[in-house]
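One-letter residues, chain by chain:
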Amino acid sequence: MKESRIIRNKIYMRSIIHRLKGCGLLILACFAAFWTGKIYSINKTQKKQEIVLEQKTEMIYDDLKIREKESHIYSQRTFERMYGIDIPYITDGRIICTCLEVSNISDEDKNWDDVLDLLDCGFQSDTWASAIDPGIGQQMNALSTQRLKMGETCLLWFSTVMLPVSFKQSTWVDLTDEDFYYVLSLNPEKKMIHLDIQGVE
């Protein structure tokens, strides 16, 4: 009698353990499904918030009409010779630069600081990213007026330094295999221009 009671208790305990295991597995499955759905939702949202302007097409951006005019990657020596700009803090780098045609389509003049604040974010490729170099940009853009007048169109240059340490050697040797972008903004939407790089010199 006592032995049969012990056996019944053991069977009862085993059934409880099996039920608890089943509930635990169910909870884990629900948790995994929840996070899988959440990650998918975040990725989908981020993809929706990325706007890519294809090469040489126009974008309306906060009362400015923007279009890529030309883009280049130069060796440091070629860049310094062409633009008369000395970059003493590097010795074996390259310079990526893009010229944007910017038109003020608002009904008022715009301060240059406000215009540049909207546009001077940075560059990126599939494997690399960098903010612009404001020192180089300041020397490339000789602004003769205080404002971008209503209806006026101007050309603005943005550039930054690229170093071999930031790339695989095989990529650095032939950068034409990379897709390069000029990033206008990161929030609330990532807006960027797919650059038409006119050769690597």
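Refer to the structure printed above.
Overview of the structure. Quick caveat, the model's predicted, so the values are computed rather than measured.

### What to know about the sheet that holds strand β10 (residues 181-185)
- Taken in spatial order, the five strands of this open sheet run β1-β11-β10-β6-β7, and their pairing is mixed. Two strands lie at the open edges of the sheet, namely β1 (50-53) and β7 (129-131), each paired on one side alone. Within the sheet, the average angular offset between the axes of one strand and its neighbour, ignoring direction, is 25 degrees.
- In this sheet, β10 lies alongside strand β6 (residues 122-124) in antiparallel orientation, the contact comprising three bridges. Bridge pairing links Gln124 to Tyr181 in β10.

### Focus: the nonpolar core
- Leu119, Met162 and Leu184 are the most contacted members of the largest nonpolar core, which has 28 residues in total.
- Counting only elements with at least two residues in this core, the list comes to β2 (58-61), β3 (64-75), β4 (94-104), α3 (112-119), β9 (153-162) and β10.
- Looking at this core element by element, the count peaks at four residues for β9.
- What Leu119 contacts, discounting residues up to four positions off in sequence, is Tyr61, Ile66, Val102, Leu156, Phe158, Tyr182, Val183 and Leu184.

### Notes on α3
- Those residues of α3 not exposed but buried are Trp112, Val115 and Leu119. Along the long axis of α3, the arc covered by the buried residues comes to 65 degrees, so they all point the same way. Turned more than 90 degrees off the buried face of α3, the exposed positions are Asp113 and Asp117.
- Where α3 starts, the residue carrying a side-chain oxygen 2.8 Å from the main-chain nitrogen of Asp113 turns out to be Asn111.

### A closer look at the environment of Ile95
- Inspection of the secondary structure puts Ile95 in strand β4.
- As for Ile95 and Ser159, which are separated by 64 residues in sequence, their C-alpha atoms are 6.8 Å apart.
- Among all residues touching Ile95, those that are not within four sequence positions of it are His72, Ile73, Tyr74, Phe79, Ile87, Ile90, Ser159, Thr160 and Val161.

### Thoughts on the side chain of Thr78
- Here Thr78 lies in helix α2 (residues 76-83).
- Overall, Thr78 belongs to the buried group, its relative accessible area being 13%.
- Within polar-contact distance, the side chain of Thr78 engages the side chain of Ser75 at 2.8 Å.

### A few points about the environment of Trp157
- Examined against the element boundaries, Trp157 turns out to sit in strand β9.
- Other than its neighbours up to four places away in sequence, Trp157 contacts Glu70, His72, Tyr83, Cys97, Thr98, Cys99, Gly137, Met140 and Asn141.

### A word on a negative patch on the surface
- There is a patch of like negative charges on the surface, built from Asp62, Asp63, Asp107, Glu108 and Asp109.
- Counting through the fold element by element, Asp63 comes out in the loop between β2 and β3.
- Classification of Asp63 as partly exposed rests on a relative accessible area of 38%.

Cut-offs and rules
- Residues numbered from 1 in each chain as written.
- Predicted model: local features only at pLDDT ≥ 70, side-chain atom pairs only at ≥ 80, totals over all residues.
- Heavy atoms only, no water.
- Pairing = 2+ DSSP bridges.
- Helix = DSSP H or I, 4+ residues; strand = E, 2+ residues; numbered from the N terminus.
- Axes fitted to C-alpha atoms, helices over the stretch in contact; angles between N-to-C directions.
- Core = buried A, V, L, I, M, F, W, Y, C linked by side-chain atoms within 4.5 Å.
- Buried < 20%, exposed > 50% of the residue type's maximum accessible area, 1.4 Å probe, protein only.
- Contact = heavy atoms within 4.5 Å.
- Arc of directions from axis to C-beta.
- Polar contact = N/O pair within 3.5 Å; in protein donor to acceptor, adjacent residues only side chain to side chain.
- Patch = residues over 30% accessible without salt bridge, like charges linked within 9 Å, V, L, I, M, F, W, Y side chains within 5 Å.
- Areas by Shrake-Rupley, 256 points an atom, 1.4 Å probe, with all protein chains shown as cover.
- Salt bridge = Lys/Arg side-chain N within 4 Å of Asp/Glu carboxyl O.
- Lys, Arg positive; Asp, Glu negative; His and termini not counted.
- Charge placed at Lys NZ, Arg CZ, Asp CG, Glu CD.

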